[in-house]
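Survey of secondary and tertiary structure
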Amino acid sequence: MPAALTLDLLKQADHDTFCRLLAGVYEHSPWIAEGAWTRRPSDGFTTLAQLKRTLVEVVRAAPEAAQLDLIRAHPELAGKAMVARTLTAESTGEQRSAGLTDCSPEEFARLQQLNADYNARFGWPFILAVKGPRGLGLSRQQIIDTFARRLSGTKEFEFAECLRNIHRIAEIRLNEKFGAEPVLGNQVWDGAEALAVHSEPGFAERGELTVTYLTPAHQACAAQLLQWMREAGFDEVQRDAVGNVVGVYHGSDRRAPRLLAGSHYDTVRNGGKYDGRLGILVTLAAVRELHRQGRRLPFGIELVAFAEEEGQRYKATFLGSGALVGQFDPAWLEQTDAQGIPMREAMRAADLPATLDAIAGLRRSAADYLGYVEVHIEQGPVLDDLDLPLGVVTSINGSARYRGRYTGVASHAGTTPMNRRRDAATAAAELALFAEARASADEGSVATVGLLEVPQGSINVVPGACDFSLDLRAPTNAQRDAMVLDVQRQAQRIAERRRVQLQLEEVMVASAAPSDPAWQRRWEAAVRALGLPVFHLPSGAGHDAMKLHELLPQAMLFVRGGNAGISHNPLESVSNDDCELAVQALLNLLDQLAQETP
């Protein structure tokens, strides 16, 4: 077996050797290795992640025609080249790993039809990294399902998605060349799979993941996390009064303030495997690695797997992290779920004390902590679109939500002249377009009209009323408030010009949570140390860090989500290699903090 390639060998190589060593990483496309040669750092590539990123940048900078040639250089899945055994050795191994060489006649026929349909629609072969996000190979059914789903995509999206899959194929091939295994990333990925075994009745039977507060599935997840924390080397492990799972890994000085880290382990209904849980598992892997090395830092690490963030079973969002900052609402205990079970009763059934005194005792003191960090899947398409595995969060957006109604006059669609109409629906439509344009002109802001309804509407009646919602978010409170004011003013102008009445009710306001500058810089340095470019982005979604922000300095790291960053969805996905980078980034941050600590 040939010796593994090393970065040192690559650094010492001349041009021809360099390109030969990288041959086969990208299918029949030697120009990519050539481009990496011209972009190589003067002191050589310092990390494999840096080399991977450089190859990605070569492809991203190439003309569209060259990118299309790269896509077309790849064989069809279970296609003619496989049957004729003319695939490259790399492609042969990949298709074999997914079992495509052992298709049943029905599977083979289905794949042939999908290949024909895809080529007819897009003009290039379907590209999928068949070794999958864990690198062990997708099942034939997973491949067929993905093939069928992506047939409905747009040409622009599929072009980019094919390139993203090509980069994943290249990443796995590079790992094999370098003998690199994402051991810590595998721990994270496998942990998410193991936790996803626990799901609630009515969902589990359909293979769907649903874990809401204090259900048997939720308690099974807590028990699993308790066990893993003990096995990872945490010195103290417990489930607290609201069901948070807490592990403490002591530092060399037990009296020193700790670093707090965490995320949540509950899910939305029919959700994904990584929202929240990724941050728990990344921190767990980092502590497991410190324990394996026998290392104690000058400070302790406290990992909190928050029991509730999503507000699915009870209307008590951020219950777990809220308890740590003294914001548990006593009225929550009397709330009932869809089956009429009060929260207090659910707590007692789960062997929790269900007393306000016990819950109040969970409140943390800022003096006991250095700060709070959270790793989280992005839950959006930005990092995936940029082919970046990690992003540094600048702020969790502040938000304001409104319910509104325009009221005009319902009248006959055929007999009411256009200049005599008092159309409530077009007023709402105009406001929706204004909100879209206003947010688009403002860096980091977003505006959504998610509800738009004409009560008792009819195809031949000018709408007399239109109900709508507004969801306005921005990285700072000032930026949010300015956008809110502009949208409110425009809403009133529209009402006056269109001779309709406006009702607008504020239903929720949440403050922005800007990242602490010092902690953000630590994440930036950690990403840079991996050989990756530092990319900043705000978080449009809320996170437990929003609550801890009220007590401690905080900063978040985002991990790329696959499938265009979809989240709160079974298609939510991360790769083991991206998980590895997240763990390494956290370990680097811990090292920085250790060097800073007296």
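**Brief notes about the overall build of the protein**
On a plain count of helices and strands, the protein comes out with 23 helices and 16 strands. With respect to the principal axes defined by its C-alpha atoms, the protein has extents near 75 × 70 × 50 Å. Expressed as a percentage of the 598 residues in the protein, the buried residues total 54%. Partitioning the contacts of the protein with sequence separation of at least 6, the portion at a separation of at least 24 is 77%. When the accessible area of the protein is evaluated, it comes to approximately 25,900 Å², of which 51% is carbon and sulfur surface. Taking the average place of the 61 positive charges on the side chains of the protein and the average place of its 75 negative ones, the gap between the two points comes to 2 Å.

**Digging into the nonpolar core**
The biggest cluster of nonpolar side chains holds 84 residues, and the ones touching the most others in it are Tyr213, Met343, Met347, Leu390 and Trp523. Looking at this core, the element that brings in the most residues is helix α23 (residues 576-596), giving 11 residues. Counting 51 residues, the second-largest nonpolar core is a separate cluster that includes Leu5, Trp37, Leu100 and Leu114.

**Points about the environment of asparagine 460**
Take asparagine 460: it is sitting in the loop between β10 (452-453) and β11 (461-462). With relative accessibility at 42%, the residue asparagine 460 sits in the partly exposed group. As for asparagine 460 and alanine 413, which are separated by 47 residues in sequence, their C-alpha atoms are 5.0 Å apart. Setting aside chain neighbours within four positions, we find asparagine 460 in contact with Ser411, His412 and Ala413.

**Considerations on the packing of aromatic side chains**
Centre-to-centre distance and the angle between the planes together describe a pair of aromatic rings. Applying the stated rule across the entire model yields 9 aromatic pairs. Between tyrosine 118 and phenylalanine 126 the ring centres are 5.3 Å apart and the planes differ by 75°, which places this aromatic pair in the edge-to-face class. The class of tyrosine 118 is buried, set by a relative accessible area of 0%. When its relative accessible area of 1% is taken as the criterion, phenylalanine 126 is described as buried. Ring geometry for phenylalanine 126 versus phenylalanine 147: centroids 3.8 Å apart, planes at 15°, classification stacked. A residue pair is termed long-range when its members are at least 10 positions apart, and phenylalanine 126 in the loop between α8 (105-122) and α9 (140-150) and phenylalanine 147 in helix α9 qualify at 21 residues. Of the two residues examined, phenylalanine 126 and phenylalanine 147, each falls in the buried class. Counting every residue linked through ring pairs, the aromatic cluster contains Tyr118, Phe122, Trp124, Phe126, Phe147 and Phe159. For arginine 40, the ring lying beneath its charged end belongs to tryptophan 37, and the centroid distance is 3.4 Å. Between arginine 206 and the ring centre of phenylalanine 203, over which it is positioned, the NZ or CZ distance is 5.4 Å.

**Looking at the pattern of salt bridges**
Overall, the coordinates contain 36 salt bridges when judged by the stated rule. Two residues, aspartate 337 and arginine 313, come together in a salt bridge whose shortest N-O distance is 2.9 Å. In this pair, aspartate 337 sits in the loop between α14 (319-324) and α15 (343-349) while arginine 313 sits in the loop between β4 (301-306) and α14, placing the two residues 24 residues apart along the sequence. Both residues of the pair, aspartate 337 and arginine 313, belong to the buried class. A cluster of three or more residues bridged by salt bridges with shared partners is formed by Lys52, Arg168, Glu171 and Asp577.

**Observations concerning helix α10 (residues 155-178)**
Spanning 24 residues, α10 covers 35 Å between terminal C-alpha atoms, matching the ideal 34 Å at 1.5 Å per step. Of all 24 residues in α10, 18 are buried; the element is thus mostly enclosed. Looking at the residues trailing α10, positive phi occurs at glycine 179, about 60°.

**Some remarks on the environment of leucine 551**
Topologically, leucine 551 is positioned in the loop between α21 (544-548) and β16 (554-559). The class for leucine 551 is partly exposed, based on a relative accessible area of 22%. Along the sequence, leucine 551 and threonine 415 sit 136 residues apart, while their C-alpha atoms lie 62 Å from each other. Discounting residues that sit within four places of it in the chain, leucine 551 has contacts with Leu324, Val325, Arg364 and Ala366.

**Observations regarding the side chain of glutamate 309**
As for its placement among the helices and strands, glutamate 309 is situated in the loop between β4 and α14. Here glutamate 309 occupies a buried position and makes no salt bridge, while the nearest side chain of opposite charge, arginine 473, is found at 9.9 Å. A polar side-chain atom of glutamate 309 sits 3.4 Å from a polar atom in the side chain of histidine 264. The residues touching glutamate 309, leaving out its near neighbours within four places in the chain, are His264, Asp266, Thr317, Phe318, Gly542, His543 and Asp544.

**What about helix α18 (residues 424-440)?**
Over its 17 residues, α18 extends 25 Å from the first C-alpha to the last, a length consistent with the 24 Å expected when each residue adds 1.5 Å. Looking at α18, one finds that the buried residues are Ala424, Ala425, Ala427, Ala428, Leu431, Ala435, Arg438 and Ala439. Viewed end-on, α18 has its buried residues packed into an arc of 155°, placing them on one side of the element. When the buried face of α18 is taken as reference, the exposed residues oriented beyond 90 degrees from it are Leu433 and Ser440. Those residues of α18 hidden inside the fold are in contact with β7 (398-407), β9 (446-448), β10, β12 (465-474) and α19 (477-498). A side-chain oxygen of the first residue of α18 lies 2.9 Å from the backbone nitrogen of alanine 425; this N-cap is aspartate 423.

**Some remarks on the packing of helix α5 (residues 64-72) against α10**
Relative to each other, α5 and α10 sit at 60°, their axes nearing to 10 Å. The angle between the axes of α5 and α10 places the two elements in the oblique class. For the pair α5 and α10, the sense of crossing is left-handed. Along the contact surface, α5 presents Glu64, Gln67, Leu68, Leu70 and Ile71, while α10 presents Phe159, Cys162, Leu163 and Ile166. Residues belonging to the contact of α5 with α10 are distributed by class as follows: 7 nonpolar, 1 polar and 1 charged.

**Looking at the environment of arginine 110**
Note on placement: arginine 110 falls in helix α8. For arginine 110, a relative accessible area of 39% gives the class partly exposed. Taking the C-alpha atoms as reference points, arginine 110 and leucine 557, separated by 447 residues in sequence, lie 41 Å from one another. Excluding residues that lie within four positions of it along the chain, arginine 110 makes contacts with Ile144 and Ala148.

**Description of the pairing of strand β3 (residues 258-264)**
Most of β3 sits inside the fold, with 6 of its 7 residues counted as buried. Across 4 bridges, the pairing between β3 and strand β5 (residues 369-377) is parallel. Paired with alanine 261 across the bridge in β5 is valine 373. Where β3 meets β4, 6 bridges bridge the pair, whose relative direction is parallel. For alanine 261, the partnering residue across the bridge sits in β4 and is leucine 303. Regarding topology, helix α13 (residues 277-293) serves as the crossover connection from β3 to the parallel β4, and that connection is right-handed.

What counts, and where the lines are drawn
Residues numbered from 1 in each chain as written. Predicted model: local features only at pLDDT ≥ 70, side-chain atom pairs only at ≥ 80, totals over all residues. Heavy atoms only, no water. Helix = DSSP H or I, 4+ residues; strand = E, 2+ residues; numbered from the N terminus. Buried < 20%, exposed > 50% of the residue type's maximum accessible area, 1.4 Å probe, protein only. Contact = heavy atoms within 4.5 Å. Areas by Shrake-Rupley, 256 points an atom, 1.4 Å probe, with all protein chains shown as cover. Lys, Arg positive; Asp, Glu negative; His and termini not counted. Charge placed at Lys NZ, Arg CZ, Asp CG, Glu CD. Core = buried A, V, L, I, M, F, W, Y, C linked by side-chain atoms within 4.5 Å. Phe/Tyr/Trp six-rings, centres within 6.5 Å; stacked < 30°, edge-to-face > 60°. Lys NZ or Arg CZ within 6 Å of the ring centre and 35° of its normal. Salt bridge = Lys/Arg side-chain N within 4 Å of Asp/Glu carboxyl O. Expected span 1.5 Å × (residues − 1). Polar contact = N/O pair within 3.5 Å; in protein donor to acceptor, adjacent residues only side chain to side chain. Arc of directions from axis to C-beta. Axes fitted to C-alpha atoms, helices over the stretch in contact; angles between N-to-C directions. Parallel < 35°, antiparallel > 145°, perpendicular 65-115°, else oblique. Left-handed = near helix turned anticlockwise from the far one by under 90°. Nonpolar A, V, L, I, M, F, W, Y, C, P; charged D, E, K, R; others polar. Pairing = 2+ DSSP bridges. Right-handed = clockwise from strand over helix to strand, strands pointing away.

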